[in-house]
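A closer look at the structure
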Amino acid sequence: MDISFYPEIKKKYGSKASWAVWNPADLTDTSVIESKDTIEQYLNTDCVIVGLNKSKDIDEINCWSNFHSASVGDKRLMSVFNEKDKKFHGAYMTDLLYNVTGANSNEIFSHHLKVRNSDEAKALKMKKDAFVAELNFVKVKSETNFILLGSIVHDYFDLFTEFKYLNKIFLPHFSQFTGKEGISDWREYAKRELNGIG
């Protein structure tokens, strides 16, 4: 990434987004993202990882803390996406729904994505516009590889982006993964699915 553009992204989205770079000794240590070498060598929007929403309130003072907690889920993300020889290492990470917090995806769907009246339709359009504006701001390209985490993100990503992006890989959410094609470990399955862009 052009280091001169990094501060602009940090200022606008540092409190909600992050990058696929972790300190394995301390997943909450986001200083590893801030080093000049990391910014220039690894941070990129050629790959973008999209979750649904923040599961809990994050530290908005220390930038890039989304996806960088000590939770089991973030440890699994780190174990898959923190390999420096892979193209998705350093990928931009964000959520489909801005400023929405909660761990129950069914409740998130019901309260923020299900449209039952015109007010909810307007609210959904605002969420969609905010997501598209973020992608445009960080300069994603038509050939960007999107890694979509969870079935709701898979179902709504094209609706939000109007089918603009063709390169998408769907990964089931690790909390819902019960095994697939003889693979019982989510991390092993994810690495196999990502092999094409690794």
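Computed from a predicted model, the values in this text were never measured in an experiment.

Some details on the packing of aromatic side chains
A ring pair, where both rings are aromatic, is described by two values, the distance of the centres and the angle of the planes. Enumeration according to the criterion identifies 15 aromatic pairs in this entry. When the centroid spacing of 5.8 Å and the interplanar angle of 70° are considered together, the rings of Trp19 and Trp64 count as edge-to-face. Placement of Trp19 in strand S1 (residues 18-19) and of Trp64 in the loop between strand S2 (44-51) and helix H4 (72-81) is noted, with a sequence separation of 45 residues between them. Classification of Trp64 as buried rests on a relative accessible area of 0%.

Description of the pattern of salt bridges
By the definition in use, this model includes 11 salt bridges. Linking Asp46 and Lys141 is a salt bridge whose minimum nitrogen-to-oxygen distance equals 3.2 Å. One end of the pair, Asp46, is in strand S2; the other, Lys141, is in the loop between helix H6 (118-137) and strand S4 (145-149), and 95 residues separate them in sequence. Since its relative accessible area comes to 36%, Lys141 is described here as partly exposed. A salt bridge links Glu162 to Lys128; its shortest N-O distance comes to 2.8 Å. Pair noted here: Glu162 is in the loop between helix H7 (151-161) and strand S5 (168-171) and Lys128 is in helix H6, with a separation of 34 residues, a long-range link.

Description of the packing of H4 against helix H8 (residues 186-193)
It is the contact of H4 with H8, at a shortest axis distance of 10 Å, that shows an interaxial angle of 40°. Read as a crossing pair, H4 and H8 show a hand that is right-handed. Contacts between H4 and H8 pair Arg76, Leu77, Ser79 and Val80 from the former with Trp186, Arg187, Ala190 and Lys191 from the latter.

Considerations on the pairing of S2
Most of S2 is tucked away, with seven of its eight residues classed as buried. Bridge analysis of S2 against strand S3 (residues 91-95) gives five bridges, and the strand direction is parallel. Across the sheet, Asn44 pairs through a bridge with Ala91, a residue of S3. Looking at chain direction, S2 and S4 are connected through four bridges and run parallel. Bridge assignment links Val48 to a residue of S4, and that residue is Phe146.

Rules of the game
- Residues numbered from 1 in each chain as written.
- Predicted model: local features only at pLDDT ≥ 70, side-chain atom pairs only at ≥ 80, totals over all residues.
- Heavy atoms only, no water.
- Phe/Tyr/Trp six-rings, centres within 6.5 Å; stacked < 30°, edge-to-face > 60°.
- Helix = DSSP H or I, 4+ residues; strand = E, 2+ residues; numbered from the N terminus.
- Buried < 20%, exposed > 50% of the residue type's maximum accessible area, 1.4 Å probe, protein only.
- Salt bridge = Lys/Arg side-chain N within 4 Å of Asp/Glu carboxyl O.
- Axes fitted to C-alpha atoms, helices over the stretch in contact; angles between N-to-C directions.
- Left-handed = near helix turned anticlockwise from the far one by under 90°.
- Contact = heavy atoms within 4.5 Å.
- Pairing = 2+ DSSP bridges.

Nothing here speaks to function; it is all geometry.
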